[in-house]
Structures are given as structure tokens and as C-alpha cells.
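Okay, here's what each chain looks like letter by letter:
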Amino acid sequence: SIVLEARDIRYRYPRGQEAIRGISFHFRRGEKIALVGPNGAGKSTLLQMFNGMIRPDSGMMLFDNRPMEYDRASLRELRRKVGFVLQNPDRQIIAPTVYQDVAFGPTNLGYSEAEVRESVTTALRHVGLAGFERRPPHQLSGGEKKRVAIAGVLAMDPDVLVFDEPTSGLDPSGSEDLMELLDELNHEGKTIVISTHDVELAYPWADRVILLADGQIIKEDIPDVAFGNT
Ligand code: ADP
Ligand code: ADP
């Protein structure tokens, strides 16, 4: 079944050029998708349409086969179902302790204290940070901060996880661990979308690759075909 769909979407930044120029795609539930393209191709702009942070000027975004709506209540629901992990965890981590940071989302959703505790504990265990509850995030390594940010998203149990340049700032072994974590989450049924300029990263990982350039899709296929190895 299709979880996210775009129909001929376009977007121009105020006082900017057209960043997205007529894009259509659909993502199936459980897929691993890589958006690949050089800087300026439109990757982060496109990602921000997945949970309603940016609304296309024309065309349509759909979640679960329903057109996205942009009122407060719909956006709140959309942001729960489509979790976003930013490139720089320092921009995502806001609380003085790991526990409070991961608890922020579920608390905002109105979970009871017991439910918050349960979701935080589960999310931290999931990303390998059980026992980090009382630590101040600013003392953690880059890879650990990234995991805190991921736990914060997982605590809301989204259907889709979106990662902007997931391994940015991580060393090779940290990157490998992170991609393994993405695979684990995928095996549990999450649809995962990453953006990257790194073909080497996307190639072995993705079920499907979308090559973006200049605000348009130039190719969309399995990695072997998209990267021209067959
Ligand atoms: P990528 O993530 O692939 O590097 P972006 O989505 O960031 O690409 O950028 C796509 C295009 O939109 C680029 O031409 C970029 O300069 C422009 N752009 C991005 N953000 C803004 C902004 N806030 N205001 C104006 N133009 C922007
Ligand atoms: P109280 O002990 O008064 O119920 P909490 O334990 O809920 O207070 O919160 C005190 C601080 O301990 C929180 O700010 C949070 O950083 C941390 N904390 C809360 N719950 C946990 C937990 N399950 N494991 C570890 N640290 C926690």
C-alpha cells in the first residue's frame, strides 16, 4: 500500500528560485528510499513536504491516500506519523536531559505520565541508549546525540521516518551502526526515507533510489538501474 505520494508538486521560496519543479512519486509502506542528488538539488525542500513543514505552491501531497491538510490539527497528526530526524542533532535536541528530550514529543501528544515513561524507555532501548536517561545531551558524542534525536522521534511511533543526511558528521563505524539501526527500524515495519549526496551510502542500502537534480526527478529505480550498473 502507498503511504506517501506527491502529484506534480512545485515550490518556490519567497524571494528565491523554484526549488521543486513538478515532482511526482509514491512510497510504499515498508520501503527504504534514498533521495540522492547534489547540493541544491532540492532534497531538503522535498523532505519538508513529507510532514507538511512546507506546503507545495501547486500539486498535491497525500498521506495514506488522503490529501494533506494544513490546519493545526492535521499538521500535528501528520508530524506524529511522519517523524523527521534533522541533519544536525544539536538543532533537534532541546531539553537538559536525555529523558526529558525524548519525553517531549509523547508529553506534547498528551500521553499519561506512565505512557510517556514507557515510550521513552522503549525508544532509548531501541537506539541502544538505555541508561542514558539522566545524561545531559551536550556531553554526548555526535553519534549518541543522533540516537537521542532518533529516540525522540520513535517515542511517537511514526509510520514513516525521514532522515536528512543521516550519517553527516559521523565517522565510518558510526555511520555503519546508524545505517544498521535504520535497517532494524525498517524490519519492524517503518518506511524509511533518507536524503544524501552520497551514492556509496545509498547504493547498498536503498530498495529504491530517486535521483534529484535542479528540483526535478531525473531517475527513479532500484539502485542497480538508477546508478546504471545493469
Ligand atoms: P539540497 O537539500 O538538495 O541541497 P535544497 O532543498 O536545500 O537542496 O535547495 C534547493 C534550492 O532551493 C536551492 O537552489 C537553494 O538555494 C534554494 N533554497 C533552499 N532554501 C532556501 C531558502 N530558505 N530561501 C531561498 N532559497 C532556498
Ligand atoms: P520524580 O522522581 O519526581 O517522579 P522524574 O523521575 O519523573 O521525577 O523526573 C526527574 C528527572 O529524572 C527528570 O527530569 C528526568 O531527567 C529524569 N528521569 C525521569 N524519568 C526517568 C527514568 N525513567 N529513568 C531515568 N531518568 C528519568
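Look a little higher up for the structure.
Just so it is clear, the model here is predicted, and its values are computed rather than measured.

A.B. asks: Before we move on, can you summarise the overall build of the chain with the specific residues and values?
C.D. replies: Each helix and strand in the chain was counted, giving eight helices and ten strands. Since a compact globule built from 230 residues should have a radius of gyration of about 17 Å, the 17 Å found for the chain is in line with a globular shape. Based on the C-alpha atoms only, the size of the chain along its principal axes is roughly 45 × 40 × 35 Å. Once local pairs closer than 6 in sequence are excluded, the contacts in the chain between residues at least 24 apart make up 66%. Accessible surface, the chain: about 11,300 Å² in total, of which carbon and sulfur atoms supply 46%. Charged side chains in the chain number 27 positive and 34 negative. The centres of these two groups are separated by 6 Å.

A.B. asks: Residue-level account of the packing of aromatic side chains, with values.
C.D. replies: Going through the model one piece at a time under the given rule, you end up with five aromatic pairs. Centre to centre, the rings of Phe-27 and Phe-50 are 5.5 Å apart; their planes meet at 85°, and the pair counts as edge-to-face. Note that Phe-27 is positioned in strand E2 (residues 18-28) and Phe-50 in the loop between helix H1 (43-47) and strand E4 (58-63), a separation of 23 residues in sequence. The exposure classification of Phe-27 matches that of Phe-50, with both residues buried. Three or more aromatic residues link up through ring pairs in this structure, and these residues are Phe-25, Phe-27 and Phe-50. Across from the ring centre of Phe-132, 4.7 Å away, lies the NZ or CZ of Arg-135, which sits over that ring.

A.B. asks: So what's going on with the nonpolar core? Which residues, and what values?
C.D. replies: The biggest cluster of nonpolar side chains holds 40 residues, and the ones touching the most others in it are Val-102, Ile-150, Phe-163, Ile-192, Ile-194 and Trp-205. With six residues, helix H5 (residues 142-154) is the single largest residue contributor to this core. Beyond its immediate sequence surroundings of up to four residues, Ile-150 is in contact with Val-85, Val-127, Phe-163, Leu-178, Leu-181 and Leu-185.

A.B. asks: Talk me through the site of ligand 1; I want residue IDs and the actual numbers.
C.D. replies: In the region of ligand 1, the neighbouring residues are Tyr-13, Gln-17, Ala-19, Pro-38, Asn-39, Gly-40, Ala-41, Gly-42, Lys-43, Ser-44 and Thr-45. The side chain of Gln-17 places a nitrogen or oxygen atom 2.9 Å from an oxygen atom of ligand 1. In this structure, Ala-41 approaches ligand 1 through a main-chain N or O atom, which is 3.1 Å from an oxygen atom. Contact with the protein chains removes 63% of the 560 Å² of surface that ligand 1 exposes when unbound. The element contributing the most residues to the shell around ligand 1 is H1, with three residues.

A.B. asks: Could you give an account of helix H2 (residues 72-81), with specific residues and numbers?
C.D. replies: Those residues of H2 not exposed but buried are Leu-75, Leu-78 and Lys-81. Burial along H2 is one-sided: seen end-on, the buried residues are contained in an arc of 125°. Within H2, the exposed residues directed more than 90 degrees away from the buried face are Arg-72 and Ala-73. At its buried positions, H2 is contacted by E4, strand E6 (82-85) and strand E7 (160-164).

A.B. asks: Pulling in residues and values, what's your account of helix H3 (residues 98-108)?
C.D. replies: Every buried residue of H3 is listed here: Val-98, Asp-101, Val-102, Ala-103, Gly-105 and Pro-106. Residues of H3 that are buried sit in contact with helix H4 (113-126) and H5. Immediately downstream of H3, the backbone of Gly-110 shows phi near 85°, a positive value.

A.B. asks: Outline the pattern of salt bridges, supporting the account with residue identities and numerical values.
C.D. replies: What the rule picks out here adds up to 14 salt bridges. For the salt bridge of Glu-77 with Lys-81, the shortest nitrogen-to-oxygen distance reads 3.3 Å. With Glu-77 and Lys-81 both in helix H2 and four residues apart, this pair spans about one turn of that helix. With its nearest N and O atoms 3.1 Å apart, the salt bridge here joins Asp-90 to Lys-145. A residue pair is termed long-range when its members are at least 10 positions apart, and Asp-90 in the loop between E6 and H3 and Lys-145 in helix H5 qualify at 55 residues. Exposure remark for Asp-90: the relative accessible area of 47% places this residue in the partly exposed category. Residue classification places Lys-145 among the buried positions, given a relative accessible area of 15%.

About the cut-offs
- Residues numbered from 1 in each chain as written.
- Chains lettered and ligands numbered in written order.
- Predicted model: local features only at pLDDT ≥ 70, side-chain atom pairs only at ≥ 80, totals over all residues.
- Heavy atoms only, no water.
- Helix = DSSP H or I, 4+ residues; strand = E, 2+ residues; numbered from the N terminus.
- Rg over C-alpha atoms; globule rule 2.2 N^0.38 Å.
- Contact = heavy atoms within 4.5 Å.
- Areas by Shrake-Rupley, 256 points an atom, 1.4 Å probe, with all protein chains shown as cover.
- Lys, Arg positive; Asp, Glu negative; His and termini not counted.
- Charge placed at Lys NZ, Arg CZ, Asp CG, Glu CD.
- Phe/Tyr/Trp six-rings, centres within 6.5 Å; stacked < 30°, edge-to-face > 60°.
- Buried < 20%, exposed > 50% of the residue type's maximum accessible area, 1.4 Å probe, protein only.
- Lys NZ or Arg CZ within 6 Å of the ring centre and 35° of its normal.
- Core = buried A, V, L, I, M, F, W, Y, C linked by side-chain atoms within 4.5 Å.
- Near = heavy atom within 4 Å.
- Polar contact = N/O pair within 3.5 Å; in protein donor to acceptor, adjacent residues only side chain to side chain.
- Arc of directions from axis to C-beta.
- Salt bridge = Lys/Arg side-chain N within 4 Å of Asp/Glu carboxyl O.

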